[in-house]
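Residues per chain are reported as follows:
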Amino acid sequence: MTAETDMSMEVLMNSENPEKVLKNMQPFINLMMNYECALMEIETKLKVLNTEFALLHNRNPFESIKCRLKKPISIVEKMRKKKLDITIENIENNLTDVAGIRVICSFPEDIYTLSELLSKQDDIKVVCIKDYIRNPKPNGYRSLHLIVEVPIFLSNEKKIMKVEVQFRTIAMDFWASLDHKLKYKKDNLKHPEIVAQELKKCADTITAMDYKMQEIRNMLED
Ligand code: 0O2
């Protein structure tokens, strides 16, 4: 059991009417189950592409996949930030990253190959593309983000769910995790701007390395 489930259990136990609390929670639990199913659909699609690619080209286009569902507390925070009422409909219509998948590739070229193969599948609708690889953020952040809609088939209905798919190389992922730490530790640092500058330099070095490694890989394949 996680700390979060412990806490939810505590809220439930301390409630005067746990049945009512549970009943009110049911639509949210259903929604999260739908997002989880959507994650499974996209993860399977990517794994199928990886398996076929390995057979045809003798290598894997991605190294790993990480799936995550946004925590309820983060959903609430994001909805508050957007100044929206916290309803199931508002969550579905206004949040695009409740279900998130991170695909870690070895080479930048594989990111575009994989994302194109996924995007052209006829049950997938790409609703938004943010290409922070061709257009990096000023801090040096690089990744390709797709928001896709995918159908899930439940026992008596078909639902279309949104999933955010982030593609990045191993090096970009390494960089992003350090940058993520900076986001949370910034207030305790003496010179956060120096750390940010150093990180930006690392981002440029990493980009040069990613493309150099790809060049070498292409030479080996030729
Ligand atoms: P978490 O905890 O990773 O989910 P939106 O989500 O559309 O409301 P935004 O900022 O327009 O907000 O979306 P964008 O630019 O596509 O970024 C979404 C996610 O990309 C973020 O999710 C991060 O995971 C990642 N990301 C974007 N910019 C940066 C960055 O500068 N550094 C790092 N390390 N990650 C970044 P969340 O919701 O911020 O967080």
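See the structure above.
Scope of this entry: the structure provided in the associated data block. (Residues numbered from 1 in each chain as written. Predicted model: local features only at pLDDT ≥ 70, side-chain atom pairs only at ≥ 80, totals over all residues. Heavy atoms only, no water.)

## A look at a positive patch on the surface
Right, on to step 1. Together, Lys-81, Lys-82, Lys-130, Lys-137, Lys-183 and Lys-186 line one region of the surface with positive charge.
Right, on to step 2. Here Lys-186 is to be found in the loop between helix H6 (170–185) and helix H7 (192–221). (Patch = residues over 30% accessible without salt bridge, like charges linked within 9 Å, V, L, I, M, F, W, Y side chains within 5 Å. Areas by Shrake-Rupley, 256 points an atom, 1.4 Å probe, with all protein chains shown as cover. Salt bridge = Lys/Arg side-chain N within 4 Å of Asp/Glu carboxyl O. Lys, Arg positive; Asp, Glu negative; His and termini not counted. Charge placed at Lys NZ, Arg CZ, Asp CG, Glu CD. Helix = DSSP H or I, 4+ residues; strand = E, 2+ residues; numbered from the N terminus.)

## Focus on the pattern of salt bridges
Right, on to step 1. Considering all chains together, one arrives at 18 salt bridges under this definition.
Right, on to step 2. Residues Glu-198 and Lys-201 are paired through a salt bridge, measuring 3.0 Å at the closest nitrogen-oxygen approach. With a gap of 3 residues between them, Glu-198 and Lys-201 both fall in helix H7, about one helical turn apart.

## What about the pairing of strand S5 (residues 158–169)?
Right, on to step 1. For S5, the tally of buried residues reaches 10 of 12 residues, placing the bulk of the element in the interior.
Right, on to step 2. As defined by bridge partners, strand S4 (residues 144–153) adjoins S5 across 10 bridges and the pair is classed as antiparallel. Considered in S5, the bridge of Ile-147 is made with Glu-164.
Right, on to step 3. Hairpin connection of S4 to S5: 4 residues between the antiparallel strands. (Buried < 20%, exposed > 50% of the residue type's maximum accessible area, 1.4 Å probe, protein only. Pairing = 2+ DSSP bridges.)

## So, the site of the ligand
Right, on to step 1. The environment of the ligand is made up of 17 residues, and the closest members are Lys-78, Tyr-132, Lys-137, Asn-139 and Asp-179.
Right, on to step 2. Between an oxygen atom of the ligand and a side-chain N or O atom of Asn-139, the distance comes to 2.8 Å.
Right, on to step 3. Within the contact set of the ligand, a nitrogen atom lies 3.1 Å away from a backbone nitrogen or oxygen of Ala-176.
Right, on to step 4. In the complex, the protein chains occlude 70% of the 750 Å² of accessible area that the ligand would expose alone.
Right, on to step 5. With respect to the pocket detection grid, the ligand is positioned in the largest pocket.
Right, on to step 6. Elements supplying a minimum of two residues to the shell around the ligand: S5 and H6. (Near = heavy atom within 4 Å. Polar contact = N/O pair within 3.5 Å; in protein donor to acceptor, adjacent residues only side chain to side chain. 1 Å grid on protein atoms, 1.4 Å probe; cavity = no way out; pocket = protein on both sides within 12 Å on 5 of 7 lines; lining within 4 Å. Sits in = over half its atoms within 2 Å of the grid points.)

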